[in-house]
Amino acid sequence: MTIGRIPSVEGGIQPTIFDAKADILTATAADTPARLAVGANDTVLTADSSTSTGLKWAAPAGGASGFTLIKRASFSAVANTGTTFDNIFTSTYSSYLVILENFYAVTGADDPEFQLRYAGPTTMAVQYLGSTGKLNTAGTVSWIDNYDEPVFKLGDEIGDAGFPGGGQIFFNGVGNTSERATWRGQYLGGQNAANFYFAGNQYNAQTYTGLIFKSSSSNITGVISVYGMAKS
Amino acid sequence: MLKEEYPSLKVGSDNTGYVELSSEEYEATINQWADARIDKEQRKANQEALRATKIAAYQKLGLTEIEIAALLPSSQVVPII
């Protein structure tokens, strides 16, 4: 079927208004038709009052996940990551997720540990309280002492280069006001793939702003990502 | 031994760069590491000694290996692997 004109009650729009495949018909004002050329592949038509046609082609916005990546850092064979994870906790969020990837030490039987940091920054090196359980592949259950310690131990087998560990920790009570920080999470480490599960708090209230990760007695390697979780 | 293994120490990341610890920070870190290794070895030795003592006592009572394993706390049972 060939159509020479688009019927209109009054006047009509000339087919020559279209110049190319996928052109669309719009208007720049009342009674003022206009052509809008197609956008780039995978873009979508979006309202934009600042353009002459009131439309634009734009990349579709991703759905909000509720998680915002605050910091991601990799480190190799260092004593600790103290210069890396300052100023990650702020009043923007009240809950944080810290992911530990490919985490290991020169000595795989070392303890993976962290300490909190606050204004200064100063490292809090006393009175970490909590519990860390260990379940190994043989079904053996044991525990790691985490009562009134200078660091918090995520486990007692961080893993080595051949069997790296990894885990996740949720933090609350950090970054907003002076309060006792709390955390809970899980770590997989060691040649025997031990499953460590833990929860703890810091007895001394501070406005905590950062973290140091370390191994108990050798250099560590790994990648750490810190996410803030939307309050609403 | 630790000082031979780590003549110097650094902190930081690939993103922000690395900074070598000062001599004071180095000494403090090495001392912490040494204490941690000694503590860990001591804890392991204590746990093994306790386990051996318990097993010896159970054996004197005439218990079988299976019965002894059942009586030991799970943390003192030797893993299969």
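Residues numbered from 1 in each chain as written. Chains lettered and ligands numbered in written order. Predicted model: local features only at pLDDT ≥ 70, side-chain atom pairs only at ≥ 80, totals over all residues.

What to know about the overall build of chain B
What counts is decided by this rule: Counting from the N terminus, the helices are DSSP H or I runs at least four residues long and the strands are E runs at least two residues long. With C-beta atoms placed from the backbone, a residue is buried if 20 or more other C-beta atoms are within 10 Å of its own, exposed if 12 or fewer are, and partly exposed between those counts.
Scanning chain B from terminus to terminus reveals three helices and two strands. Secondary structure of chain B in N-to-C order comes out as α-β-β-α-α. Buried positions account for 10% of the 81 residues belonging to chain B.

Observations regarding the sheet that holds strand β5 (residues 67–78) of chain A
Residue and element names in this part refer to chain A. Cut-off, in case you're wondering: A pair of strands is labelled paired if DSSP reports no fewer than 2 bridges between them. For helices, the fitted line uses only the C-alpha atoms of the stretch in contact; every axis is such a line through C-alpha atoms, and the angle between N-to-C directions lies from 0 to 180 degrees.
Pairing within the open sheet is antiparallel, and its eight strands lie in the order β5-β16-β6-β12-β13-β14-β9-β10. In this open sheet, the two edge strands, each paired with only one partner strand, are β5 and β10 (141–144). Averaged over all pairs of adjacent strands, the angle between their axes in this sheet comes to 15°, without regard to strand direction.

Observations concerning the pairing of strand β12 (residues 165–172) of chain A
Residue and element names in this part refer to chain A. Along β12, the buried face is formed by Gly165, Gly167, Ile169 and Phe171; none of Gly166, Gln168, Phe170 and Asn172, which line the opposite face, is buried. In this sheet, β12 lies alongside strand β6 (residues 95–105) in antiparallel orientation, the contact comprising seven bridges. Bridge assignment links tyrosine 96 to a residue of β12, and that residue is phenylalanine 171. Here β12 runs beside strand β13 (residues 182–189); their pairing, made up of seven bridges, is antiparallel. Bridged to glycine 167 within β13 is tyrosine 187.

Quick look at helix α2 (residues 23–60) of chain B
Residues and elements named next belong to chain B. Formally: A helix is expected to span 1.5 Å for every residue after the first.
Its 38 residues place the ends of α2 55 Å apart at the C-alpha level, agreeing with the 56 Å of an ideal helix rising 1.5 Å per residue. The element α2 is barely covered by neighbouring structure, given that only two of its 38 residues are classed as buried. Looking one or two residues beyond α2, the residue adopting positive phi is glycine 62, at roughly 85°.

Structural notes on the environment of Gly167(A)
Positionally, Gly167(A) belongs in strand β12. Through-space distance from the C-alpha of Gly167(A) to that of Tyr187(A) is 4.1 Å; in sequence the pair is 20 residues apart.

A look at the domain arrangement of chain A
Put simply, the rule reads: Domain delimitation in this document rests on an assignment produced automatically or drawn from a domain database.
Here chain A is described as being made up of domain 1 (22–58) and domain 2 (67–229). Just the C-alpha atoms count here: the centres of domain 1 of chain A and domain 2 of chain A sit 51 Å apart.

Focus on the interface of chain B and chain A
This is how the line gets drawn: Each residue is represented by a C-beta atom placed from its backbone, and any two residues with such atoms within 7 Å are regarded as in contact. Basically, the charged four are Asp, Glu, Lys and Arg, the nonpolar ten are Ala, Val, Leu, Ile, Met, Phe, Trp, Tyr, Cys and Pro, and anything else, Gly included, counts as polar.
If you look at the interface, chain B gives 22 residues, while chain A gives 22 residues. Those elements that place two or more of their residues in the side of chain B that touches chain A are β1 (10–13), β2 (17–20) and α2 of chain B. Partitioning the side of chain B that touches chain A into residue classes produces 12 nonpolar, seven polar and three charged.

Regarding the confidence of the model for chain B
Residues and elements named next belong to chain B. The condition is simple: The quantity known as pLDDT measures the predictor's confidence residue by residue, on a range of 0 to 100.
For chain B, per-residue confidence averages 87 on the pLDDT scale, and 89% of positions sit at 70 or higher. Across chain B, element-level confidence peaks in β2 with a mean pLDDT of 94 and bottoms out in helix α3 (residues 65–71) with 85. Quick note on the complex model: pTM equals 0.75, ipTM equals 0.73.

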